[in-house]
Structure formats: C-alpha cells, structure tokens
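What the coordinates show
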Amino acid sequence: MSKEYIVIHHSTGVDHPTLPDFDSIRNYHMKTRGYRDIGYHWVVEKVGDVLVAKKGRPEKEDAAACPGMNTRAIQICCVGNFMVETPTPELYRFVAGLCKDIATRWPIKYIGGHRDYYATACPGQKFDVEMVQKYYKEGNSVGKEKTPCIIDIKGKKFPGYLQGAISYFEEEVSVREVVEAIQPSINWDSKTMTVEIK
C-alpha cells in the first residue's frame, strides 16, 4: 500500500547524551512488546550535539506504531519527552527536512501527530506539529543547510555532514577507507574493469 501520510511520535524518554536511544527503543519493542523489529520507520535523536535520523523498518513495510495508520503512513519517532520539554526550532527543521526527503519517495498528503489518529497525547502537548508543517512547506529552504557530523562504521569514524535528513561523507573520505571499514567481500574483474562489493 502506498504511504500518503507521515505520523510523528515522541519516545517519552529523555535523549541520552552518549548512548544510542534507537537501540533502547528497538530492544523494548522486540523484547517487551514482542515486535519483530522497531515499530517506527525513522528515529530522530541527538548523537553528541548533532541530530541524526536513524532508519528503522524499511519504509515499504507496515509500522507498529499507530493503529489505523500503520499501513498508510511513514512513522517517525523523535527522542524526547515533549510533555515536559519544548522541542527546539532545530528539531522542527530537521524533522521537516526528513519529511521532505520521505516525500521524494512517497506521495505524502499530510503530516500529523500520533494524537491526530489515536487517543493519545503523543507526540506530547509541547510538540507543535504545525511547526513541522510550516518548515516543510517552506520548500527548498528546508534541509539545505550542511551540519557537520561523524559517520561511525563499526567503530571507524569518518567526517561527514547532514543535509536534510541524509548523511554524506566529506570529499576527502576515500571509497577504499569506507570499504575497508565495512569489511565486505570484494572481487575484481580485470576483463570488465569492475569492482564488485558484496
């Protein structure tokens, strides 16, 4: 089924400054709730001082986050308890940039909060979904800023940047360095001059 909506949630827990909240949410969903994977398609959290969007379930798969909307919507969880803390403009802009990125793959009609579709306060009384909608509608101005970040591949750290909700390697990072960090199987075909990475 085509995804035409985006539903925003909050984790209700404080964003941990060093530990990955994504892993905690996934473990809770799988071990306590019995889900086969994390219930969301995306989780937005701070790693150090940088906002990142971490992939959860593949977007084409149904979520386990909002009854009635799991098959029709991309589900985004913002780490934080927005019943007590107020989201920053930076977070609103970042989530809007992620929504813009999602809209390049799906015919998104509306961005709403969990509370718009279910009897809940989620994503928190202090989370103003209209701010995300506002920045989303600004179009090309959203997600164009480059925010420095670190891309960690199995403990090997590379300089990069975030643009919208997508991370990129800086130009000085070579393909060879990234491939060595991933440790895949590499085959060289001298006849076709092709490097095959598995």
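Residues numbered from 1 in each chain as written. Predicted model: local features only at pLDDT ≥ 70, side-chain atom pairs only at ≥ 80, totals over all residues. Heavy atoms only, no water.

This brings us to the packing of helix 2 (residues 89-102) against helix 3 (residues 129-137). Following both chains from N to C, one finds helix 2 and helix 3 inclined at 60 degrees, their axes separated by 8 Å at the closest point. On the basis of the axis angle, helix 2 is oblique to helix 3. In this structure, helix 2 meets helix 3 at a crossing whose hand is right-handed. Across the interface between the two elements, Pro89, Tyr92, Arg93, Val95, Ala96, Cys99 and Lys100 of helix 2 pack against Met131, Val132, Tyr135 and Tyr136 of helix 3. Here the residues of the contact of helix 2 with helix 3 are counted per class, giving 9 nonpolar, no polar and 2 charged. (Axes fitted to C-alpha atoms, helices over the stretch in contact; angles between N-to-C directions. Helix = DSSP H or I, 4+ residues; strand = E, 2+ residues; numbered from the N terminus. Parallel < 35°, antiparallel > 145°, perpendicular 65-115°, else oblique. Left-handed = near helix turned anticlockwise from the far one by under 90°. Contact = heavy atoms within 4.5 Å. Nonpolar A, V, L, I, M, F, W, Y, C, P; charged D, E, K, R; others polar.)

Moving on to the packing of aromatic side chains. Both the distance between ring centres and the angle between the ring planes are used here to describe each pair of aromatic rings. Tallied over the entire structure, the rule returns 3 aromatic pairs. Look at tyrosine 5 and tyrosine 117: their rings are 6.4 Å apart centre to centre, the planes differ by 70 degrees, and that puts the pair in the edge-to-face class. Of this pair, tyrosine 5 sits in strand 1 (residues 5-10) while tyrosine 117 sits in the loop between strand 5 (110-113) and helix 3; the two residues are 112 residues apart in sequence, bridging distant segments of the chain. In this structure tyrosine 5 comes out as buried when scored by relative accessible area, which is 18%. (Phe/Tyr/Trp six-rings, centres within 6.5 Å; stacked < 30°, edge-to-face > 60°. Buried < 20%, exposed > 50% of the residue type's maximum accessible area, 1.4 Å probe, protein only.)

Right, let's talk about the pairing of strand 3 (residues 50-55) for a bit. Inspection of the sheet shows strand 2 (residues 42-47) paired to strand 3 by 6 bridges, in the antiparallel sense. What sits directly across from glutamate 45, in strand 3, is valine 52. Counted along the chain from strand 2 to the antiparallel partner strand 3, the turn is 2 residues long, and its residue glycine 48 has a positive phi close to 70 degrees. (Pairing = 2+ DSSP bridges.)

Once that is clear, we can look at the pattern of salt bridges. Side chains that differ in sign of charge can pair as their charged atoms come close. For the coordinates displayed, the defined rule picks out 9 salt bridges. The partner of glutamate 45 in a salt bridge is lysine 54, and the shortest N-O contact between them spans 3.3 Å. Glutamate 45 sits in the buried class, given a relative accessible area of 1%. Relative accessible area serves as the criterion here: at 22%, lysine 54 is assigned to the partly exposed category. As a salt-bridge pair, arginine 105 and aspartate 101 come within 3.1 Å of each other at their nearest N and O atoms. Overall, aspartate 101 belongs to the buried group, its relative accessible area being 13%. Here the salt bridges do not stand alone but share partners, grouping Glu59, Asp101 and Arg105 into one network. (Salt bridge = Lys/Arg side-chain N within 4 Å of Asp/Glu carboxyl O.)

As a further point, take the nonpolar core. Formed by 26 residues in total, the largest nonpolar core has its most connected members in Ile6, Val44, Ile76, Ile102, Phe127 and Val132. Elements with a minimum of two residues in this core: strand 1, strand 2, strand 3, strand 4 (73-78), helix 2 and helix 3. Look past the residues within four positions of isoleucine 76 in its chain and what remains in contact with it is Ile6, Val7, Ile8, His9, Trp42, Val44, Leu98, Cys99 and Ile102. Ranked by size, the runner-up nonpolar core spans 9 residues in total, among them Ile151, Ile153, Val178 and Ala181. (Core = buried A, V, L, I, M, F, W, Y, C linked by side-chain atoms within 4.5 Å.)

Take the pairing of strand 2 next. Here strand 2 runs beside strand 4; their pairing, made up of 3 bridges, is parallel. Looking at the pairing, valine 43 lines up with cysteine 77 of strand 4.

Turning next to the environment of valine 52. Counting through the fold element by element, valine 52 comes out in strand 3. Sequence separation between valine 52 and leucine 98 is 46 residues; the distance between their C-alpha atoms is 9.8 Å.

Here the focus is helix 2. In a regular helix each residue adds 1.5 Å, so 14 residues correspond to 20 Å; helix 2 covers 20 Å between its end C-alpha atoms and thus fits that length. Of all 14 residues in helix 2, 10 are buried; the element is thus mostly enclosed. Listed as buried for helix 2 are Leu91, Tyr92, Phe94, Val95, Ala96, Gly97, Leu98, Cys99, Asp101 and Ile102. (Expected span 1.5 Å × (residues − 1).)

Such coordinate-based values are descriptive only and should not be taken to indicate function.
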